[in-house]
Amino acid sequence: MKYVIGNWKANNTLDESLQWIKIFIIELQKNQTLKKKIEQEISVVICPPFPHLYPIKQKLEGFRNIFLGAQDISSVEKGTYTGETTALNLQGLIQFAIIGHSERKKNFHENEQMTSLKLQLANKYGIKPFYCINNLDGIISPLIEFICWEPPESISSGDGKGNFKSLADILKFKKMLNLPNSHFIYGGSVNENNIKEYVVSDEIEGFLIGGASLDPYRFLHIIEHS
Ligand code: PGA
């Protein structure tokens, strides 16, 4: 089973997110082959902004192997922490969460102590973490189920057309990482043009798609070729 994760980041009005999911569903209904491929081979995880999770969840009822994920969870469990969104708040609404994304480290001073707490809380509340690292130093536990490598120079272009890594570079990093028990996911300007280069290898078990996931047609194209 491969994972294709769409990280919308801080984009979209509610109307835009609803329009996205409407197109996504219409296109899937038109393309039963792709729908079957998802059911059998590809776990799709959509990570919209927090307030759009529930409206999108309602639209996805009945679809198999399409899940919701949070872009982050709080490092606190519950209580007097105004503005935080915790794993406890999200339990039952999402199945996955991105943890330790480099944009959080860069813009919100997230550190390893926080990501470690987030991991523990995700586990406690039954949320599967996609744990992001930028380099070989980012590993805090060899027992993480999903490791996502995001090379800093390859992400955050906004449109998914940044300076992506070659397959050879990705495989080299995976080898150095040496975590045979973790699923290895790559995120860094993966888009509808370069996906074909990556899928020739089974070593990459999933893709974290930022900019290119904002357009449902581009995202579906990536799923179709994953
Ligand atoms: P990008 O983002 O595809 O826009 O580079 C990847 C990510 O969310 O890490």
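Remember, it's a predicted structure, so these values are computed and weren't measured experimentally.

(A) Structural view of the overall build of the protein chain. Along the backbone of the protein chain there are nine helices and eight strands. The C-alpha radius of gyration computed for the protein chain amounts to 17 Å, which stays within 12% of the reference 17 Å derived for 226 residues, consistent with globular compactness. Reported as C-alpha extents along the three principal axes, the dimensions of the protein chain are approximately 45 × 40 × 30 Å. In the protein chain, which comprises 226 residues, the proportion classed as buried is 52%. The contacts of the protein chain with a sequence gap of at least 6 include a subset with a gap of at least 24, amounting to 69%.

(B) Structural context of the site of the ligand. What surrounds the ligand is a group of 13 residues, the closest being His101, Glu150, Ser189, Gly210 and Gly211. Between glutamate 150 and the ligand, the recorded distance is 2.9 Å, taken from a side-chain N or O atom to an oxygen atom. Glycine 211 is positioned such that a nitrogen or oxygen atom in its backbone is 2.9 Å from an oxygen atom of the ligand. Contact with the protein chains removes 100% of the 280 Å² of surface that the ligand exposes when unbound.

(C) Structural context of the pairing of strand 5 (residues 128-133). In terms of burial, strand 5 is largely enclosed, as five of its six residues are buried. Sheet topology note: the strand 4 (residues 96-99)/strand 5 ladder contains four bridges and is parallel. Among the inter-strand pairings, isoleucine 98 is bridged to a residue of strand 5, identified as phenylalanine 130. In terms of strand pairing, strand 5 meets strand 6 (residues 146-149) through four bridges, oriented parallel. Residue pairing in the sheet places phenylalanine 130 in a bridge with phenylalanine 146 of strand 6.

(D) Representation of the packing of helix 1 (residues 14-30) against helix 2 (residues 32-41) within the structure. Relative orientation of the contacting elements helix 1 and helix 2 amounts to 105°, with a least axis distance of 5 Å. With respect to each other, helix 1 and helix 2 are oriented roughly perpendicular. Within the contact between the two elements, helix 1 uses Leu28, Gln29 and Lys30 and helix 2 uses Gln32, Leu34, Lys35 and Ile38.

(E) Structural view of the pairing of strand 3 (residues 66-70). Of all five residues that make up strand 3, four are buried, and the element is covered over most of its length. Sheet analysis places strand 2 (residues 42-47) next to strand 3, joined by three bridges and oriented parallel. Note on strand 3: the bridge partner recorded for isoleucine 46 is leucine 68. What joins strand 2 to strand 3 is helix 3 (residues 53-59), and the crossover it makes is right-handed. Note: strand 3 against strand 4, two bridges, orientation parallel. Looking across to strand 4, one finds that alanine 70 is bridged to alanine 97.

(F) Representation of the environment of glutamate 192 within the structure. You can see glutamate 192 is positioned in the loop between strand 7 (183-186) and helix 8 (195-199). Separated by 103 residues in the primary sequence, glutamate 192 and asparagine 89 have C-alpha atoms spaced 34 Å apart. One polar contact links glutamate 192 to arginine 218, side chain to side chain, over a distance of 2.9 Å.

(G) Helix 2, seen in detail. By the burial criterion, the buried members of helix 2 are Leu34, Lys37 and Ile38. For helix 2, the angular spread of buried residues about the axis comes to 100°, placing them on one side. Across helix 2 from its buried face, at more than 90 degrees, point the exposed residues Thr33 and Gln40. If you follow the buried residues of helix 2, they end up packed against helix 1, strand 2, strand 3 and helix 9 (216-224).

(H) Spatial organisation of helix 7 (residues 167-177). Considered for burial, the residues of helix 7 that qualify are Leu167, Ile170, Phe173, Lys174 and Leu177. For helix 7, the angular spread of the buried residues around the axis is 125°, confining them to a single face. Exposed residues lying more than 90 degrees from the buried face of helix 7 are Ala168, Lys172 and Lys175. On its buried face, helix 7 sits against strand 5, strand 6, strand 7 and helix 8. Positive phi appears at asparagine 178, one or two residues downstream of helix 7, with a value of about 55°.

Criteria and thresholds
- Residues numbered from 1 in each chain as written.
- Predicted model: local features only at pLDDT ≥ 70, side-chain atom pairs only at ≥ 80, totals over all residues.
- Heavy atoms only, no water.
- Helix = DSSP H or I, 4+ residues; strand = E, 2+ residues; numbered from the N terminus.
- Rg over C-alpha atoms; globule rule 2.2 N^0.38 Å.
- Buried < 20%, exposed > 50% of the residue type's maximum accessible area, 1.4 Å probe, protein only.
- Contact = heavy atoms within 4.5 Å.
- Near = heavy atom within 4 Å.
- Polar contact = N/O pair within 3.5 Å; in protein donor to acceptor, adjacent residues only side chain to side chain.
- Areas by Shrake-Rupley, 256 points an atom, 1.4 Å probe, with all protein chains shown as cover.
- Pairing = 2+ DSSP bridges.
- Axes fitted to C-alpha atoms, helices over the stretch in contact; angles between N-to-C directions.
- Parallel < 35°, antiparallel > 145°, perpendicular 65-115°, else oblique.
- Right-handed = clockwise from strand over helix to strand, strands pointing away.
- Arc of directions from axis to C-beta.

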